[in-house]
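Topology and contacts: notes
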Amino acid sequence: MCKKFFIIPCLLICVLFGTVQVVNTASAATGASAEISMELTTETVLSERNADVRLPMASTTKIMTALLIVEDCDLDEVITVPDKAVGVEGSSIYLKKGEEIDIKDLLYGLMLRSGNDSATALAIHHSGSVEAFVEKMNAKAKEIGAENTNFANPSGLPNDNHYTTARDLCKIACFAMRNPKFKEVVSTRDYKGKFRSYANKNKMLYSCEGANGVKTGYTVKAGRCLVSSAERGGMDVVTVVLNCPDMYERSKQLINSAFRDYKLIKLSADVVFMSDIVLCKLQNSRNFVVKSAENIDFKVVTLSNGKKIKKGDLVAELQINGSNGLLFKENLYSILDN
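Residues numbered from 1 in each chain as written. Predicted model: local features only at pLDDT ≥ 70, side-chain atom pairs only at ≥ 80, totals over all residues. Heavy atoms only, no water.

1. Comments concerning the pairing of strand S7 (residues 211-219)
For S7, the tally of buried residues reaches eight of nine residues, placing the bulk of the element in the interior. Pairing geometry for S7 and strand S8 (residues 223-232), over eight bridges, is antiparallel. Across the sheet, valine 214 pairs through a bridge with serine 228, a residue of S8. Hairpin geometry of S7 and S8 is characterised by an intervening segment of three residues between the two adjacent antiparallel strands. (Buried < 20%, exposed > 50% of the residue type's maximum accessible area, 1.4 Å probe, protein only. Helix = DSSP H or I, 4+ residues; strand = E, 2+ residues; numbered from the N terminus. Pairing = 2+ DSSP bridges.)

2. Considerations on the side chain of threonine 120
Relative to the helices and strands, threonine 120 is located in helix H5 (residues 116-127). On the basis of relative accessible area, threonine 120 is assigned to the buried category, the value being 10%. Those residues in contact with threonine 120 that sit more than four places away from it in its chain are Lys84, Ala85, Val88 and Val130. (Contact = heavy atoms within 4.5 Å.)

3. Here we look at the layout of surface pockets
Estimates place the volume of the largest pocket at around 310 Å³. For the largest pocket, the lining is made up of 18 residues, of which Ser59, Ser91, Ser114, Gly217 and Tyr218 are closest to its centre. Going through the elements one at a time, S7 and helix H10 (247-261) are the ones with two or more residues in the lining of the largest pocket. Of all the elements, S7 adds the most residues to the lining of the largest pocket, at five residues. (1 Å grid on protein atoms, 1.4 Å probe; cavity = no way out; pocket = protein on both sides within 12 Å on 5 of 7 lines; lining within 4 Å. Points joined across faces, edges and corners; volume = space filled by probe spheres on them.)

4. Observations concerning H10
In a regular helix each residue adds 1.5 Å, so 15 residues correspond to 21 Å; H10 covers 21 Å between its end C-alpha atoms and thus fits that length. The set of residues buried in H10 consists of Met247, Tyr248, Arg250, Ser251, Lys252, Leu254, Ile255, Ala258 and Phe259. (Expected span 1.5 Å × (residues − 1).)

5. A closer look at helix H3 (residues 62-72)
Across the 11 residues that make up H3, a large majority, nine, are buried. Those residues of H3 lying buried are Lys62, Ile63, Met64, Thr65, Ala66, Leu67, Leu68, Ile69 and Val70.

6. Re the packing of H3 against helix H4 (residues 103-112)
Interhelical geometry of H3 versus H4 gives an angle of 160° and a closest axis separation of 10 Å. When the interaxial angle is binned, H3 and H4 end up roughly antiparallel. In this structure, H3 meets H4 at a crossing whose hand is left-handed. Between H3, through Lys62, Ile63, Thr65, Ala66, Ile69 and Val70, and H4, the contact on the second element is made entirely by Ile103, Leu107, Leu110 and Met111. Class assignment for the residues of the contact of H3 with H4 results in eight nonpolar, one polar and one charged. (Axes fitted to C-alpha atoms, helices over the stretch in contact; angles between N-to-C directions. Parallel < 35°, antiparallel > 145°, perpendicular 65-115°, else oblique. Left-handed = near helix turned anticlockwise from the far one by under 90°. Nonpolar A, V, L, I, M, F, W, Y, C, P; charged D, E, K, R; others polar.)

7. Examining empty space enclosed by the protein
Summed over the entire model, instances satisfying the criterion amount to one cavity of 30 Å³ or more. For the largest cavity, the calculated volume is near 60 Å³. Looking at the largest cavity, the residues that line it are Pro56, Met57, Ala58, Gly156, Leu157, Pro158, Asn159, His162, Thr219 and Lys221. In terms of residue class, the lining of the largest cavity is built from five nonpolar, four polar and one charged.

Below, the structure is given as structure tokens:
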């Protein structure tokens, strides 16, 4: 090992003989192999580093598992624990052979205690087998737009074909957090169910302002992984850190920076604009993200050219400009016959 006072000659020798592993200075500074933060509703990227590198993600995998369960299953249904879910390696809620339990208690055990046995039981209940469930996981990932993700199991146990990227995982988490039931589960600190009770092991819920999810993960291969979500002042931020030894502190840094540096602008479809003498509005409510210090200007550009207007006709374009030009544009439609 190189001594401090021999650092320059040792580095020279090491470089010449190819024995030094080059350290990414950004990675050394942040402690994470990959990271990203997004605004939840628009999926606007607020910060990123190595966000498209494929990496294992440990139990953050269970975000997808839980999403499929809340979308497709009756949470009040009581099932008998399948034999294949008993004694699964890794973190566990200690399911017993022949035990009766409802899907809701399994779901909370999955997300609050990271039960790998719970993941197996839920997968078999949902699709008949773990293998069939994994196919559903991968199909859902593609639907969400997570093109660089592949699941090999519902729990996150190590497998060479089980990987994601920080960007993909953040997309999956944003999608999941827009589901009210999923959000309710992962934001729960203490759960008392019909068959089981759990305390949430996600320390972000107790240490970060506005934190409301989502999932921790760890294996030797993946390192410490954390997907986090927080809401402040009407804006939601989701972050991902992969292989990050100080995952909680780094996630809090990303979240605090996002809320400091950005703001969410919400445009309601109920707001009425004027284009010449025509009243108009957006077809749907829209959100967009700008820098906190950004001064913005709204402009309505008429497109109707004086023709007779009917309700619902495209009549103008709303343009929102910042100091560096156009930030956002959207069509405006007449709300009355003219």
